Amino acid sequence: MTIDTDRFRKTLLEERARVRDAIEYLHQETPGSLEDETEEIMGGTDNHLAEAATGTLDREIDYTLEENSEQVLQQIDEALARIESGTFGTCARCGKEIPEERLEARPWATLDIDCQREVERG
Ligand SMILES: [Zn+2]
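*Asks:* Give a description of the overall build of the protein that names residues and reports values.
*Replies:* Counting secondary structure elements, the protein contains six helices and zero strands. When burial is assessed residue by residue, the protein has 33% of its 122 residues classed as buried. Counting every atom, the protein has about 7800 Å² of accessible surface; 45% of that belongs to carbon and sulfur.

*Asks:* Describe the pattern of salt bridges, and please don't skip the residues or the numbers.
*Replies:* If the charged atoms of two oppositely charged side chains come close together, the side chains can form a pair. Applying the stated criterion across every chain yields a total of nine salt bridges. Note that Arg9 and Glu84 form a salt bridge whose closest N and O atoms lie 3.2 Å from each other. You can see Arg9 sitting in helix H1 (residues 5-29) and its partner Glu84 sitting in helix H4 (residues 66-85), a full 75 residues away along the chain. Under the relative-accessibility criterion, Arg9 is labelled partly exposed at 25%.

*Asks:* Go over the coordination of the zinc ion, please, and point to the residues and values.
*Replies:* For the zinc ion, the protein coordination sphere consists of Cys91 (SG), Cys94 (SG), Asp112 (OD), Asp112 (OD) and Cys115 (SG), at 2.2 to 2.6 Å. Spacing between the donor residues of the zinc ion along their common chain follows C-x2-C-x17-D-x2-C. Of the two residues, Cys94 sits in the loop between H4 and helix H5 (100-105) while Asp112 sits in the loop between H5 and helix H6 (113-121), which places them 18 residues apart along the sequence.

*Asks:* Talk me through the nonpolar core; I want residue IDs and the actual numbers.
*Replies:* Generally speaking, nonpolar side chains in soluble globular proteins are found buried as a group. Within the largest apolar cluster, 18 residues are counted, with the highest numbers of intra-cluster contacts made by Phe8, Leu12, Val19, Ile76, Phe88, Leu103 and Trp108. Looking at this core, the elements with two or more residues in it are H1 and H4. Of all the elements, H4 adds the most residues to this core, at six residues.

*Asks:* Which residues make up the packing of aromatic side chains, and what are the values?
*Replies:* Summed over all chains, the structure comprises one aromatic pair. Relative to Phe88, the ring of Phe8 lies with its centre 5.4 Å away and its plane at 45°, an arrangement referred to as tilted. Highlighted residues: Phe8 in helix H1 and Phe88 in the loop between H4 and H5, separated in sequence by 80 residues. Like Phe8, the residue Phe88 is buried in the burial classification. In this arrangement the basic side chain of Arg7 is found over the ring face of Phe8, its NZ or CZ atom lying 5.0 Å from the centre.

*Asks:* Residues and numbers for the side chain of Asp112, please.
*Replies:* Of the side chains with opposite charge, Lys96 lies nearest to the buried Asp112, which makes no salt bridge, at 5.1 Å. Beyond its immediate stretch of four places on either side in the chain, Asp112 contacts Cys91, Cys94, Lys96, Ile98, Pro99 and Arg102.

*Asks:* An account of the side chain of Arg102 is requested, with residue identities and associated values reported.
*Replies:* Within the element layout of this structure, Arg102 appears in helix H5. Among buried Asp, Glu, Lys and Arg side chains, Arg102 stands out as unpaired, with Asp112 the closest opposite charge at 6.4 Å. Reaching out from Arg102, the side chain makes a polar contact with the side chain of Gln116 at a distance of 3.4 Å. Excluding anything up to four places from it in sequence, Arg102 contacts Ala109, Leu111, Asp112, Ile113 and Gln116.

Here is what the cut-offs are and how they apply
Residues numbered from 1 in each chain as written. Predicted model: local features only at pLDDT ≥ 70, side-chain atom pairs only at ≥ 80, totals over all residues. Heavy atoms only, no water. Helix = DSSP H or I, 4+ residues; strand = E, 2+ residues; numbered from the N terminus. Buried < 20%, exposed > 50% of the residue type's maximum accessible area, 1.4 Å probe, protein only. Areas by Shrake-Rupley, 256 points an atom, 1.4 Å probe, with all protein chains shown as cover. Salt bridge = Lys/Arg side-chain N within 4 Å of Asp/Glu carboxyl O. Donors = N, O, S within 2.8 Å, 3.2 Å for Na, K, Ca; no water. Core = buried A, V, L, I, M, F, W, Y, C linked by side-chain atoms within 4.5 Å. Phe/Tyr/Trp six-rings, centres within 6.5 Å; stacked < 30°, edge-to-face > 60°. Lys NZ or Arg CZ within 6 Å of the ring centre and 35° of its normal. Lys, Arg positive; Asp, Glu negative; His and termini not counted. Contact = heavy atoms within 4.5 Å. Polar contact = N/O pair within 3.5 Å; in protein donor to acceptor, adjacent residues only side chain to side chain.

Printed below as a string of structure tokens:
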């Protein structure tokens, strides 16, 4: 295991705090009108919620919608659990190590790229 799990634990904890903030922001911003807001997010280029959610980090994170945020939150918690159990960074499907650059982009990834593509293809 060459992966620096301490560093990823820190990243994941920060990410979790940020996603929590984004979820709270969503709750404040859309009291009872999530549907209208969702259409606006999906269709608009003026995406202030996405900016608030992703902050200054230059990476693609799909939690502009509340549902995605909570999914990411769960994935982050699972990733933290994998760090504790020593299986972090190992593909859950083929057992190979997940490349560190993939973990940089998505520290909660459970699959390497090849397995991810096969799963998505169905
Ligand atoms: Zn794999």
